[in-house]
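# Structural characterization, general
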Amino acid sequence: MPAACDSVLEDIEDIVSAEDLKPHDRQFVRKNVFPKVRKRSSQKNVQTEDDPPSDSIIPGVQKIWIRTWGCSHNNSDGEYMAGQLAAYGYKITDNSAEADLWLLNSCTVKNPAEDHFRNSIKKAQEGKKKVVVAGCVPQAQPRQDYLKGLSIIGVQQIDRVVEVVEETIKGHSVRLLGQKKDNGKRLGGARLDLPKIRKNPLIEIISINTGCLNACTYCKTKHARGDLASYPIEELVDRAKQSFQEGVCEIWLTSEDTGAYGRDIGTDLPTLLWKLVEVIPEGAMLRLGMTNPPYILEHLEEMAKILNHPRVYAFLHIPVQSASDSVLMDMKREYCVADFKQVVDFLKEKVPGITIATDIICGFPGETDEDFQETMKLVEQYRFPSLFINQFYPRPGTPAAKMPQVPAAVKKQRTKDLSHLFHSYNPYDHKVGERQRVLVTEESFDSNYYVAHNPFYEQVLVPKDPLLMGKMVEVNIYEAGKHFMKGQPVSDARVHTASITRPLAKGEVSGLTEEFRRATQNGTNWKAHPSAETPVKTPLSSWMALQLPWQQEGGGLKILSVSLALLAVLVMFYYGGMKTEL
């Protein structure tokens with residue numbers, strides 16, 4: 001069989017003929033090579049004026065619309081994100097149509113809340129808006145189909161909202177879902193001294209801890225917020241002090257379970273509350289958030305003393321969820337109905353007039369008619385003035401979603417029956433004619449009244465007189481409804497201003513120091529103190545709000561000058577024969 005080649009190659013260079021170009025010659029034929037312009041196959045790759053390249057977008061000047069669903073903890077997160085964005089230069093707008101970007105802060109407790117969240121994403125995309133999602137839904141389930149391609153801010157990453165928004169506006173997708181840790185130990189979350197924009201300048205919402213110690217079978221929030229992580233007492237007290245210095249007259253303490261506060265850092269809720277009471281000015285009030293029965297049982301004596309304090313609302317939210325021990329066991333609530341009754345009975349005895357609010361789930365998997373009747377009896381016995389009735393919704397990924405479900409019609413009927421019982425009594429009728437001291441803090445939904453609260457955190461509507469806002473006043477109760485009373489200010493009573501200083505204007509950013517305000521107003525950057533041996537620790541709010549070159553006066557000329565100088569250097573490299581690979 002003949003060979004494939006008639007001769008054997010001794011070296012690879014043997015295949016190069018005398019007529020072929022040598023490596024040295026190739027260097028001088030490049031002048032004969034001309035670039036070929038490719039024709040674009042479609043219009044989709046052509047940049048338009050409506051879709052500029054990402055490097056031509058100036059961050060910090062766009063309008064942002066923020067929507068928050070869910071609990072007060074989530075509302076506090078939304079206020080922090082708004083404050084940081086505003087401090088950086090973005091404009092927070094109430095008009096979703098004019099916004100360049102929508103920041104949607106979600107809640108995962110119920111299916112309807114997530115449905116609203118999903119629909120808002122769709123609406124934003126249809127309106128060609130940039131979208132950033134936050135809150136418990138994307139934290140718990142970031143791989144859901146409707147979240148693909150969207151930027152996500154995790155519940156513990158809200159201090160990085162500026163980075164995420166900036167990259168999203170440039171057309172990038174960013175996802176920050178990690179946990180805050182210090183030497184391997186999980187922290188409560190982002191710092192409490194970040195700038196924020198309070199929805200109500202008179203009310204400060206402080207998250208004292210994040211996560212919880214329970215593992216309720218129906219709860220999706222646990223997947224997002226995780227295990228208990230408490231903030232140190234000194235940080236919480238400092239935040240309260242700062243709030244009062246900014247004109248706040250009411251503080252809400254919030255978390256997934258305030259009663260569990262401090263168990264991870266060697267302290268407890270009563271210790272924190274006594275420290276906070278010391279810094280509350282006269283006329284200002286503190287409201288305690290939700291606590292589960294197991295973690296308040298051991299502190300009942302101290303809690304009763306605190307709730308009797310004149311600057312603390314005699315109010316406590318204690319969810320019972322069901323009056324059936326078998327249902328509570330399936331829920332893994334870690335208490336029985338007797339525990340709940342012990343807490344309520346003790347506080348009612350030791351704190352006269354206290355308001356106890358509670359939650360009930362109707363139609364939890366396995367709930368029988370007898371179980372539900374026990375719940376009805378509990379409500380009839382205590383006649384809770386504030387009752388949150390929830391039809392059970394199976395949340396994806398929870399153990400309860402895999403349990404045998406109660407028929408939808410049965411759940412709906414039980415919800416209806418319990419609602420009917422709740423509306424059959426009026427908790428405030430006996431208070432008509434009383435003289436009460438109330439703190440006025442907000443406007444009613446119909447804009448016809450101002451909303452105040454008496455020492456038991458019961459809602460009292462008062463005349464819409466601007467002189468009353470932020471004041472502690474005395475009123476005569478002349479009418480009562482299911483959820484409110486109406487009061488007329490007493491003419492000869494003293495009106496006390498609860499705020500120790502002028503409250504911030506609506507939309508004004510909290511947490512910015514005077515030195516920083518002066519620096520930004522003068523167009524200069526925040527710098528370390530010249531006398532310091534080491535640089536002063538710069539607050540996050542400070543470096544985020546520094547004026548970047550394009551935000552400064554004449555910034556455009558500075559950028560142009562730098563660009564021309566760089567171009568000149570490149571030209572020198574090329575014509576100077578320097579073999580520089582860029």
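Calculation notes
- For every chain, the first residue of the written sequence is number 1, and numbering continues from 1 onward in sequence order.
- Only residues with pLDDT of at least 70 get local features here, since the model is predicted, and only at 80 or more are side-chain atom pairs given and counted; chain-wide, interface and lining totals rely on the full set of residues.
- Computation of side-chain values covers all heavy atoms of the structure but excludes hydrogens and water.
- Any two strands with at least two DSSP bridges between them are considered paired.
- Helix and strand assignments come from DSSP, with helices taken as H or I runs of at least 4 residues and strands as E runs of at least 2, each series counted from the N terminus.
- Orientation is described by lines fitted to C-alpha atoms, with helices fitted over the stretch in contact, and by angles between N-to-C directions that extend from 0 to 180 degrees.
- Geometric relationships in this document are graded by angle, where less than 35 degrees denotes roughly parallel, more than 145 denotes roughly antiparallel, 65 to 115 denotes roughly perpendicular, and other angles denote oblique.
- Note on contacts: a residue pair qualifies if any of its non-hydrogen atoms lie within 4.5 Å across the two residues.
- When residue character is reported, Ala, Val, Leu, Ile, Met, Phe, Trp, Tyr, Cys and Pro are called nonpolar, Asp, Glu, Lys and Arg charged, and the others, Gly included, polar.
- Within 6.5 Å between ring centres, the rings of Phe, Tyr and Trp (the latter by its six-membered ring) count as paired, and their orientation is classed by plane angle as stacked under 30 degrees, edge-to-face over 60, tilted in between.
- Think of it as a cone above the ring: NZ of Lys or CZ of Arg counts as a charge over the ring if it is within 6 Å of the ring centre and within 35 degrees of the ring normal.
- Lining residues are those with an atom within 4 Å of a point, where the points come from a 1 Å grid over the protein atoms alone and group into cavities, where a 1.4 Å probe fits but cannot get out, or pockets, open sets with protein on both sides within 12 Å along at least five of seven lines.
- Grid points are joined across faces, edges and corners, and a volume is the space filled by probe spheres set on the points.
- Helices are assigned an expected span. That span is 1.5 Å times one less than the residue count.
- Exposure is judged per residue with a 1.4 Å probe applied to protein chains only, and the accessible area is read against the type maximum: over 50% gives exposed, under 20% gives buried, and values in between give partly exposed.
- Working definition: the arc comes from the directions between the helix axis and the C-beta atoms, pointing outward to the latter.
- Between N or O atoms, a polar contact is any pair within 3.5 Å; within protein, one atom must be a potential hydrogen donor and the other a potential acceptor, and residues adjacent in sequence are included only when both atoms are from side chains.
- The pLDDT value tells you how sure the predictor is about a given residue, anywhere from 0 up to 100.

## Overview of the sheet that holds strand β15 (residues 355–362)
- Spatial ordering of the open sheet is given by β14-β15-β16, a layout of three strands whose pairing is parallel. Lying at the two open borders of the sheet, with one neighbouring strand each, are β14 (315–317) and β16 (386–391). Averaged over all neighbouring strand pairs, the angle between strand axes comes to 15°, with direction disregarded.
- With six bridges connecting them, β15 and β16 associate as parallel partners. In the strand pairing of β16, isoleucine 361 is matched with asparagine 390.

## Some points on the packing of helix α11 (residues 337–350) against helix α12 (residues 369–382)
- In contact at an axis separation of 13 Å, α11 and α12 are set at 5° when each is read in the N-to-C sense. On the basis of the axis angle, α11 is roughly parallel to α12. Across from Phe340, Lys341, Val344, Asp345 and Lys348 in α11, the residues of α12 making contact are Leu378, Gln381 and Tyr382.
- Grouping the constituent residues of the contact of α11 with α12 by class yields four nonpolar, one polar and three charged.

## Things to note about the packing of aromatic side chains
- Taken as a whole and assessed by the stated rule, the structure comprises eleven aromatic pairs.
- Members of the aromatic cluster, each reached through a chain of ring pairs, are Trp69, Phe117 and Tyr146.
- Across the ring face of tryptophan 252, the terminal group of arginine 287 is positioned such that the distance to the ring centre comes to 4.1 Å.
- Above the ring of phenylalanine 422, the side-chain terminus of lysine 482 is found at 3.9 Å from the ring centroid.

## Digging into empty space enclosed by the protein
- If you walk through the whole model with that rule in mind, you get two cavities of 30 Å³ or more.
- Of all the elements in the fold, those that place two or more residues in the lining of the second largest cavity are α2 (72–88) and β4 (130–135).
- Take the lining of the second largest cavity: its biggest share by element is three residues, from α2.
- Taken together, the residues that form the lining of the second largest cavity break down as five nonpolar, four polar and two charged.

## A closer look at α12
- Taking 1.5 Å of rise per residue, 14 residues should cover 20 Å, and α12 covers 20 Å from first to last C-alpha, within 8% of that figure.
- Considered for burial, the residues of α12 that qualify are Asp371, Phe372, Thr375, Met376, Leu378, Val379 and Tyr382. In an axial view of α12, the angular spread of the buried residues amounts to 155°, which keeps them on one side of the axis. Residues Glu370 and Lys377 are exposed on α12 and point more than 90 degrees away from its buried face.
- Residues of α12 that are buried make contact with α10 (325–331), α11, β15, β16 and α13 (408–422).
- Arginine 383 sits one or two residues past α12 and shows a positive phi near 45°.

## A short note on the side chain of glutamate 166
- With respect to the helices and strands, glutamate 166 occurs in helix α5 (residues 161–169).
- Only 3.3 Å separates the side chain of glutamate 166 from the side chain of tyrosine 88, close enough to count as a polar contact.
- Those residues in contact with glutamate 166, other than ones at most four positions away along the chain, are Pro59, Tyr88 and Tyr90.

## Here's the deal with the confidence of the model for the protein chain
- Residue-level pLDDT values for the protein chain average 83, and 78% of them are 70 or greater.
- Ignoring residues within four places in sequence, the model shows residues 577–582, a span with pLDDT below 50, making three contacts including any to other chains.

## Quick word on the sheet that holds strand β5 (residues 151–153)
- An order of β2-β1-β3-β4-β5-β6 is seen for the six strands of this open sheet, with the pairing classed as parallel. On the outer flanks of this sheet lie β2 (91–92) and β6 (175–176), each paired with one strand and no other.
- Bridge count between β5 and β6: two bridges; the pairing is parallel. Across the sheet, residue isoleucine 152 finds its bridge partner in β6, namely arginine 175.
- Those strands touched by helix α3 (residues 111–126) are β3 (101–106) and β4, and its axis lies near 170° from that of β3.
- Along the sheet, α5 makes contact with β1 (63–68), β3, β4, β5 and β6, crossing β4 at roughly 155°.

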